[in-house]
Amino acid sequence: MIIRTKLLAFGLSLISIRSASSFQSATPTSWGKRSARNEESIDHLRLASTSAKAIPGTAKLDTPWEELGFEFRPTNSHVRVTFKNDEWGEPELVKDPYINLHMGATALHYGQSCFEGLKAFCHEDGEVYVFRPDENAKRMQSSCRRTMMPELPTERFLEAIQEVVRDNIEYVPPYGSGGALYIRPLLFGSGPRIGLQPADEYTFLIMVIPVGDYYKGGLSSPVDALIIEDFDRAAPQGVGAVKVAGNYAADLLPNMLSKKKGYPIGLYLDSKTQTVVEEFSTSNFVGIDNSQKKYVTPMSPSVLPSITNKSLMTIAEDEGLAVETRDIPVDELKSFDEVLAVGTAVVVTPVGSITRLDDEGSESTYEFGEKQIGDTTKRLYRKVRAIQNGEEEDKYGWNYKIINE
């Protein structure tokens with residue numbers, strides 16, 4: 001069962017009980033110890049909750065749904081849960097977007113912070129589905145283990161997704177708009193520590209934002225990438241394989257410098273030898289060899305395992321491609337017909353060229369597909385988007401239904 005708490009002005013609570021979705025077994029559980037006052041509120045307000053069912057795509061925005069970019073927009077609420085005294089508390093739906101945080105919080109001093117990114121889509125029948133949230137729960141748990149934060153159980157993660165999407169259902173872009181509700185879970189150390197040690201309190205929250213296609217029309221024209229050699233994304237035994245906040249701060253400077261040189265996206269090599277392809281700034285690398293029917297992606301302990309990439313690998317195999325996860329020497333770039341940068345925000349970004357600059361400024365460039373979007377790229381993109389939008393059978397069981405009652 002899910003305990004649903006909506007914070008109104010000055011802390012008044014509206015609480016109701018909802019059953020869990022069919023995606024995961026709905027075993028009765030609790031987030032923590034409930035107070036007697038909350039138990040009484042559940043019974044009292046269960047009768048008072050008579051509001052009409054909200055409909056996706058009905059929120060009033062200052063921009064048409066088809067023209068939404070990828071940027072922050074206010075919505076009804078975010079969900080928040082606190083871990084304290086060795087247990088998770090009850091989830092609350094909170095309207096205020098600001099957090100009152102102790103100045104000694106470990107997230108601020110020692111980087112105890114991790115996050116996720118996933119999307120909810122409205123299907124043609126008006127139902128809303130989230131794409132593979134169980135995988136995001138597992139990946140966040142991996143980040144927690146690496147940074148000594150308490151793991152949020154998968155079923156609690158899914159319950160929180162249910163609550164926050166349902167409370168903001170009108171902000172899910174309508175079917176056919178090309179948009180989605182972007183879901184950003186965040187977990188961080190909120191308890192104060194001055195010595196280097198884990199916090200005694202943690203805050204988990206999920207914010208949601210309506211977004212459009214990262215690139216208008218879905219697939220961008222191929223972009224030019226630059227190999228980044230004067231900065232490393234992650235050390236061989238560091239935190240590159242988990243989604244911690246500091247990984248992205250480290251990319252801000254090289255990302256900006258690459259863009260100033262005219263390259264929208266940067267490609268990192270392995271930090272030890274600078275000879276093997278690892279990852280784009282915020283996306284996994286995929287190389288397509290059409291003549292050999294291969295889908296090739298790096299296997300490295302420094303690369304974040306992308307849920308989008310994992311999905312595309314499954315689709316690629318069903319499309320008759322041999323999927324290889326292995327080291328990719330830089331010189332092998334010349335053998336690829338198509339190169340993709342893949343991730344939640346963009347799904348797929350076609351890469352038209354990858355350039356390497358030497359110390360004197362001379363460049364060597366690998367080009368792919370004559371700067372046109374490749375047929376394999378189009379096919380993989382359309383397939384995964386069709387599943388996300390409910391336009392094709394979800395034979396993999398990836399879509400998680402939001403119970404909007």
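The structure this text deals with has already been given above.
Since the structure is predicted, the reported quantities are computational estimates derived from the model, not experimental observations.

Caption draft 1: Quick look at the overall build of the protein. Helix and strand counts for the protein come out as seven helices and 20 strands. Here the protein, with 405 residues, has 52% of them falling under the buried criterion. Partitioning the intrachain contacts of the protein with sequence separation of at least 6 by distance along the chain shows that 72% fall at a separation of at least 24. Put simply, the protein shows about 19000 Å² of open surface, and 50% of that area lies on carbon and sulfur atoms.

Caption draft 2: Summary view of the side chain of E278. Tracing the sequence through the fold places E278 in strand 13 (residues 277–280). Put simply, E278 is tucked away with no salt bridge, and the nearest opposite charge, on R233, sits 5.4 Å away. Separated by 2.6 Å, the side chains of E278 and S300 make a polar contact. In this structure, E278 is in contact with Y268, L269, D270, F285, P298, S300, S302 and V303, ignoring residues within four places of it in sequence.

Caption draft 3: Molecular detail of the layout of surface pockets. In this model, the largest pocket occupies a volume close to 820 Å³. Lining the largest pocket we find 34 residues, and of these Y214, Y248, T282, S283 and A345 sit closest to its centre. Contributing elements (two or more residues each) for the lining of the largest pocket: strand 9 (180–189), helix 5 (245–260), strand 12 (265–269) and strand 17 (338–343). Per-class residue counts for the lining of the largest pocket are 17 nonpolar, 11 polar and six charged.

Caption draft 4: Representation of the environment of V242 within the structure. Topologically, V242 is positioned in the loop between strand 11 (223–228) and helix 5. Along the primary structure V242 and S142 are separated by 100 residues, whereas in three dimensions their C-alpha atoms are 6.7 Å apart. Not counting the four nearest positions on each side in its chain, V242 is found in contact with S142, S143, R146, N247 and L304.

Caption draft 5: The arrangement of the packing of aromatic side chains in detail. Counted according to the given criterion, the structure contains nine aromatic pairs. Summarising the aromatic geometry, the rings of F70 and Y182 are spaced 5.1 Å apart at their centres and angled 65° between planes, so their arrangement reads as edge-to-face. On the criterion of sequence distance, the pair formed by F70 in the loop between helix 1 (36–48) and strand 3 (78–84) and Y182 in strand 9 is long-range, its members being 112 residues apart. Using a relative accessible area of 32% as the deciding quantity, one classes F70 as partly exposed. Here Y396 and W398 contribute two aromatic rings whose centre-to-centre distance is 4.3 Å and whose plane-to-plane angle is 20°, an arrangement assigned as stacked. Here a set of aromatic residues connected by ring pairs shows up, and it is made of F83, W88 and Y202.

Caption draft 6: The arrangement of the packing of helix 6 (residues 307–318) against helix 7 (residues 375–388) in detail. In the contact formed by helix 6 and helix 7, the axes pass within 10 Å of each other and the chain directions differ by 115°. As summarised for this structure, helix 6 and helix 7 are arranged roughly perpendicular, according to the angle between their axes. Between helix 6 and helix 7 lies a crossing whose hand is right-handed. Mapping the contact onto sequence places L312, I315 and A316 in helix 6 and L380, K383, V384 and I387 in helix 7.

Caption draft 7: Broad picture of the packing of helix 3 (residues 133–147) against helix 4 (residues 154–167). Contact geometry of helix 3 with helix 4 gives a least axis separation of 9 Å together with a crossing angle of 125°. In terms of their interaxial angle, helix 3 and helix 4 are classed as oblique. Note on packing geometry: the crossing formed by helix 3 with helix 4 is right-handed. Contacts between helix 3 and helix 4 involve P133, D134, N136, A137, M140 and Q141 from the former and T154, F157 and L158 from the latter. Within the contact of helix 3 with helix 4, the residues separate by chemical class into five nonpolar, three polar and one charged.

Caption draft 8: Just the pattern of salt bridges, in detail. One pass over the full model with this rule turns up 22 salt bridges. Residues R73 and D62 are paired through a salt bridge, measuring 2.8 Å at the closest nitrogen-oxygen approach. Remark: D62 occurs in the loop between helix 1 and strand 3 and R73 occurs in the loop between helix 1 and strand 3; sequence separation between them is 11 residues. Owing to a relative accessible area of 68%, D62 belongs among the exposed residues under this scheme. The residue K383 makes a salt bridge to E319 at a minimum N-O spacing of 4.0 Å.

Caption draft 9: Up close: the environment of M256. Assignment of secondary structure puts M256 in helix 5. Spatially, the C-alpha atom of M256 lies 9.5 Å from that of G266, the residues being 10 residues apart in sequence.

Caption draft 10: Representation of helix 5. When the terminal C-alpha atoms of helix 5 are compared, their 24 Å separation across 16 residues agrees well with the 22 Å that a helix rising 1.5 Å per residue should span. By the largest-angle criterion, L252 marks the main kink of helix 5, which is about 35°, and a proline, P254, follows within four residues. Taken together, the buried positions of helix 5 are N247, D251, P254, N255 and S258. At its buried positions, helix 5 is contacted by strand 11 and strand 12. Backbone geometry just downstream of helix 5 places G262 in the positive-phi region, at approximately 100°.

Reading the values: the criteria
Position numbers for residues start from 1 in each chain and track the written sequence from start to end. Since the coordinates come from a predicted model, pLDDT governs what is reported: local features require at least 70, and pairs of side-chain atoms require 80 or more to be given and counted, while whole-chain, interface and lining totals use all residues. Side-chain descriptors were evaluated using all non-hydrogen atoms of the structure, hydrogens and water having been removed beforehand. Helix and strand assignments follow DSSP, with helices taken as H or I runs no shorter than four residues and strands as E runs no shorter than two, numbered in order from the N terminus. The buried label goes to any residue with under 20% of its type's maximum accessible area, the exposed label to any with over 50%, and the partly exposed label to all in between, with areas taken from a 1.4 Å probe on protein chains only. A contact between two residues is defined here by any heavy atoms of the two lying within 4.5 Å. In short, Shrake-Rupley with a 1.4 Å probe defines the accessible areas, and a residue's cover is counted only from the protein chains shown. For the purpose of counting charges, residues Lys and Arg are taken to be positive, whereas Asp and Glu are taken to be negative. His and the chain ends are not included. One speaks of a salt bridge when a side-chain nitrogen belonging to Lys or Arg is within 4 Å of a carboxyl oxygen belonging to Asp or Glu. Counted as a polar contact is a pair of N or O atoms within 3.5 Å, where, for protein atoms, one must be capable of donating a hydrogen and the other of accepting one, and residues adjacent in sequence contribute only when both atoms are in side chains. Detection works on a 1 Å grid of protein atoms alone, calling trapped sets that fit a 1.4 Å probe cavities and calling open sets with protein on both sides within 12 Å along at least five of seven lines pockets, with lining residues defined by an atom within 4 Å of a point. Grid points are joined across faces, edges and corners, and a volume is the space filled by probe spheres set on the points. Any residue outside Ala, Val, Leu, Ile, Met, Phe, Trp, Tyr, Cys, Pro, Asp, Glu, Lys and Arg is labelled polar, Gly included; the first ten of those are nonpolar and the last four are charged. Each Phe, Tyr or Trp ring, with Trp reduced to its six-membered ring, pairs with another whose centre is within 6.5 Å; inter-plane angles below 30 degrees give stacked pairs, above 60 give edge-to-face pairs, and intermediate values give tilted ones. Every axis in this analysis is a line fitted to C-alpha atoms, fitted for helices over the stretch in contact. Angles between the N-to-C directions lie between 0 and 180 degrees. Reported orientations rely on four angle classes, namely roughly parallel under 35 degrees, roughly antiparallel over 145, roughly perpendicular from 65 to 115, and oblique for the rest. With the far helix as reference, a near helix turned anticlockwise by less than a right angle produces a left-handed crossing, and one turned clockwise produces a right-handed crossing. Multiplying 1.5 Å by the helix residue count minus one yields the expected span of that helix. Two axes are fitted around each residue, one to the seven residues ending there and one to the seven starting there, and the angle between them is reported as the bend at that residue.

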